[in-house]
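This is what each chain is made of:
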Amino acid sequence: MTTLSLPTAVAGAEERPEIRPPSLVRASGTIVWRNLIHIKRMPEMLMDVTVQSVMFVLLFAYVFGGSIAVSGSSYREFLLPGIMVQTMVFSSAIVAMGLTNDLQKGIVDRLKSLPISRASVLVGRSISSLIHSSIGVAVMGVTGLLVGWRIRTGLAEATLGFLLLLLFGFAMIWLGIWVGSMMRTVEAVQGLMFTVMFPLTFVANTFAPTENMPNVLRVVAEWNPVSALAQACRELWGNAPAMPADAAWPLQHAVLMSVAWALVLTAVFAPLALSAFRRRSRD
Amino acid sequence: MSTHPAIEAIDLVKRFGDNTAVDHVSFVVPQGTVLGLLGPNGAGKTTTVRMLTTLSVPTSGTGRVAGHDIVKDPDGVRRSMGLTGQAATVDELLTARENLRLIGRLSGLSRRYVSQVTDGLLDRFALSDAANRIVKTYSGGMRRRLDLAVSLIAAPPVLFLDEPTTGLDPRSRSELWEVLRGLVREGTTLLLTTQYLEEADQLADEIVVIDKGTVIAAGTPTQLKDQAGRASVVVTLTDATDLVRAADLVRSCSPEVHVEPAARRITAQASGLEDMTRIGEVFAASGIQVDDLGLKRPSLDDVFLHLTGHRAEDTHGADQPGGKDAGETRGEDEVTEAVR
């Protein structure tokens, strides 16, 4: 540290290297690369979508499954799309925690001091969270196959089901960015998101059909966007039980409704998220 | 090189609700010089730096960095400067090499250039051995060095350092100072905020003192010290029983004398080295035993006290007795020049 001649490449102002500010795509890509290294270095970050999800599959399939009657389908077939939907919904919590952590540690400040589009901070964060959740969906798919879940339709419908999951995950990410931009600590985000996410994913047809729920709860559950998505995936993958005739309208048009919900949620949360992030970024 | 100043703050104001954090701050930093932004916690130093580095949008006023307006051309500013924040903002889960690559690539450098300079930077900041270890395992000093290395990867002509040595041990601190001096020799302009008076004294060509969001003084370290008052001669006696006689002797040489019996110390206002020599001769003739006799010029700490009415919160390292004396003797010569 006492000999301090600069390597010529990092010398004074006159000999600066060529600087070509990266495009949104390249900057986002670099940030995704960085976020994926995080997952590699801390595989326990994936626990929420891997170990936990497998545990849920096994718990519901073997512990509760015997007591939950699903007409016209096996419970395990019914369960798998539900758990995958739950995982995608939780991607909002993953985004929020990642963003708050970066804000708190000053990483966002450092990124903002660079000649990149500020959107790339959010785009990079969103893409890596979708990858994170997709790893969970893949792990669950394999677990599902092992316990007897099958996709009984063609490639096109199967793919459409997964695309719907991703689209919904994308909508949930805006919620995550909104929450993440407003909260000061990761612990606060965790507390809030889990309080919201558990009822949201349980008061739905995720783990049990809605027919046997008390009246009010059944209406709430059937209008819950999570239910429409789970129903849509079940239909697209041939895992759907017979639909009771008195089910609410969204469940009767599940594929259409899950697309609509994703768009509505994006339309509501994207402006909130962007203004919260911008407000946090101005000060 | 063009002739615009490296950094200009022009009437910068930042309000958070009712609280005015920065209140009409202006200063100019010529190219290749070091400006020390000195002030206690909460004075508005960090907010000023955040505005100049485009992280925060001014409520009113503006600034220029390397000629680019911080409000109208933030991208131009971002291409021209490096920033080392208050907390070492390096990525804990990445290695040093990966941190350099991340910021290098996002700064708009080519992959080839980044890999060319990485080894040199790691070597320069004594991080070669730890290059492939994740930053979580680093000491505070190593993190700071990496933070600085990362800020330098695009060789910015202007570098902002927000309390670069906070939390460092004295050795790491002086090492970092050496690095910063090296950068200035290469032509980089530095703006550093600090609570350490000694740090500003050591590094800065010009100091801007801010308190409660406003600039309360500006000038070279010598000018500021001069503002705080005249020099004094300080005599420490060997034997407390000589105090009364000694005080009388000193009064014969100086109009204003202050006695601290517990410390066996007599302080006399003086105008320079001649006064000290005269008092020395008087003592030699009287036979009173003296432990120490010297000329004390006001330190930046005294300047701060004088300007704000309170001491800088953290005076750690500010009054190390060694090293100080040499600076003062040199300072003496500069005073006459600075007074103008």
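Definitions and cut-offs
Numbering of residues starts from 1 in each chain and follows the order in which that chain's sequence is written. Ligands are numbered from 1 and chains lettered from A, in the order in which they are written. Selection of residues for local features in this predicted model requires a pLDDT of at least 70, selection of side-chain atom pairs for listing and counting requires 80 or more, and totals for whole chains, interfaces and linings are taken over all residues. Put simply, DSSP marks the helices as runs of H or I at least four residues long and the strands as runs of E at least two long, and each gets a number from the N terminus on. Residues are called buried when their C-beta atom has 20 or more other C-beta atoms within 10 Å, exposed when it has 12 or fewer, and partly exposed otherwise; all C-beta atoms are positioned from the backbone. Contact definition: two residues whose C-beta atoms, as placed from backbone geometry, lie within 7 Å. In the scheme used here, Gly and all other residues not listed as nonpolar or charged are polar, with Ala, Val, Leu, Ile, Met, Phe, Trp, Tyr, Cys and Pro taken as nonpolar and Asp, Glu, Lys and Arg as charged. If DSSP finds at least two bridges between two strands, the strands pair. Each axis is a line fitted through C-alpha atoms, taken for helices only over the stretch in contact, and angles between the N-to-C directions span 0 to 180 degrees. An angle below 35 degrees is read as roughly parallel, one above 145 as roughly antiparallel, one from 65 to 115 as roughly perpendicular, and any other as oblique. Here a crossing is taken to be left-handed if its near helix is turned anticlockwise relative to the far helix by less than a right angle, and right-handed if that turn runs clockwise. pLDDT is a residue-level measure of predictor confidence that goes from 0 to 100.

This paragraph deals with the overall build of chain B. Looking only at helices and strands, one finds twelve helices and 14 strands in chain B. A buried classification covers 47% of the 340 residues belonging to chain B. Of the contacts made within chain B by residues no fewer than 6 positions apart, 67% connect residues no fewer than 24 positions apart.

Turning our eyes to something else, we now look at the interface of chain B and chain A. Contacts between the two partners involve 44 residues from chain B and, on the opposite side, 37 residues from chain A. Those elements giving two or more residues to the side of chain B that touches chain A turn out to be helix H2 (74-80), helix H3 (96-106), helix H4 (111-124) and helix H6 (170-185) of chain B. Of the residues that constitute the side of chain B that touches chain A, the class distribution is 22 nonpolar, twelve polar and ten charged.

This paragraph deals with the sheet that holds strand E13 (residues 265-269) of chain B. Pairing between the strands of a sheet comes from backbone hydrogen bonds, and it takes one of two forms, parallel or antiparallel. Residue and element names in this part refer to chain B. Reading across from one edge, E12-E13-E11-E14 is the order of the four strands in this open sheet, with antiparallel pairing throughout. Since the sheet does not close on itself, it has two edges, and those belong to strand E12 (257-260) and strand E14 (290-296), each with one partner. Between one strand axis and the next, the sheet turns through 15 degrees on average, direction left out of account. Judged from the five bridges that link them, strand E11 (residues 232-237) and E13 form a sheet pairing that is antiparallel. Across the sheet, the residue bridging to Val233 is Ala268, located in E13. In this fold helix H9 (residues 243-251) packs onto E11, E12 and E13, with an angle of close to 165 degrees to the strand it touches most, E12.

Residues and elements named next belong to chain B. With eight of its eight residues buried, helix H1 (residues 45-52) lies for the most part within the structure. For H1, every residue scored as buried is listed here: Lys45, Thr46, Thr47, Thr48, Val49, Arg50, Met51 and Leu52. Just past H1, the residue Thr54 takes up positive phi, approximately 70 degrees.

Another aspect to go through is the pairing of strand E8 (residues 189-194) of chain B. The side chains of a regular strand alternate, first on one face of the sheet and then on the other. Residue and element names in this part refer to chain B. The buried count for E8 comes to six of six residues, which makes it a mostly enclosed element. Note: strand E3 (residues 34-38) against E8, five bridges, orientation parallel. Its bridge partner being in E8, Val34 is matched across the sheet by Leu190. Relative to E8, strand E7 (residues 158-162) runs parallel, the two sharing five bridges. Counted as the bridge partner of Asp162 is Thr193 from E8.

What follows covers the packing of helix H2 (residues 51-64) of chain A against helix H6 (residues 119-147) of chain A. Axes are the key here: two packed helices are described by the angle between their axes and the distance separating the axes. All names here are of chain A. At a minimum axis separation of 9 Å, H2 and H6 run at an interaxial angle of 30 degrees. Taken together, the axes of H2 and H6 are roughly parallel relative to one another. For H2 against H6, the interelement crossing comes out right-handed. Of H6, the residues touching H2 (which contributes Ser53, Val54, Val57 and Ala61) are Gly136, Val139, Met140, Thr143, Gly144 and Val147. Residue composition of the contact of H2 with H6, grouped by class: six nonpolar, four polar and no charged.

Let us now look at H3 of chain B. Helical geometry: 3.6 residues make up each α-helical turn, so side chains three or four residues apart lie on a common side. Of all eleven residues that make up H3 of chain B, ten are buried, and the element is covered over most of its length. For H3 of chain B, the set of buried residues is Ala96, Glu98, Asn99, Leu100, Arg101, Leu102, Ile103, Gly104, Arg105 and Leu106 of chain B. Its buried side turned inward, H3 of chain B meets helix H1 (24-41) and helix H5 (107-112) of chain A together with H4 and helix H5 (140-151) of chain B. Count one or two residues on from H3 of chain B and you reach Gly108 of chain B, which has phi positive near 95 degrees.

Bringing the sheet that holds E8 of chain B into the picture now. Residues and elements named next belong to chain B. If you walk across this open sheet you meet the six strands as E6-E7-E8-E3-E9-E10, and the pairing is mixed. Looking at the sheet topology across the chains shown, the edges are occupied by strand E6 (81-84) and strand E10 (214-219). Adjacent strand axes in the sheet meet at a mean angle of 15 degrees, parallel and antiparallel pairs treated alike. Here H1 sits on the sheet and contacts E3, E7, E8 and strand E9 (206-211); the angle it forms with E7, its principal contact strand, is near 150 degrees. In this fold H5 packs onto E6 and E7, with an angle of close to 165 degrees to the strand it touches most, E6.

Moving on, we come to the confidence of the model for chain A. Summary statistics for chain A give a mean pLDDT of 87 and a share of 94% for residues scoring 70 or more. Every residue in residues 1-14 of chain A scores below 50 in pLDDT, and together they form 31 contacts with partners more than four places removed in sequence or on other chains.

This next bit is on the packing of H3 of chain B against H4 of chain B. All names here are of chain B. Packing of H3 against H4 brings their axes to within 10 Å, and their N-to-C directions diverge by 135 degrees. Judged by the angle between their axes, H3 and H4 are oblique. Seen along the crossing, H3 lies across H4 with a hand that is right-handed. Facing H3, whose interface residues are Ala96, Arg97, Leu100, Arg101, Gly104 and Arg105, H4 presents Arg111, Val114, Thr118, Leu121 and Leu122. Looking at side-chain class alone, the contact of H3 with H4 contains five nonpolar, two polar and four charged residues.

All names here are of chain B. With four bridges connecting them, E12 and E13 associate as antiparallel partners. Bridging from a neighbouring strand, Val257 pairs with Ala268 of E13. Counting the residues between successive antiparallel strands, the hairpin from E12 to E13 contains four residues, one of them, Arg264, with a positive phi of roughly 50 degrees.

Attention now goes to the environment of Ala248 of chain A. Residue and element names in this part refer to chain A. Within the fold, Ala248 resides in the loop between helix H10 (225-237) and helix H11 (249-252). Spatially, the C-alpha atoms of Ala248 and Leu272 are 29 Å apart, while their sequence positions differ by 24 residues. Excluding residues within four positions of it along the chain, Ala248 makes contact with Val219, Glu222 and Trp223.

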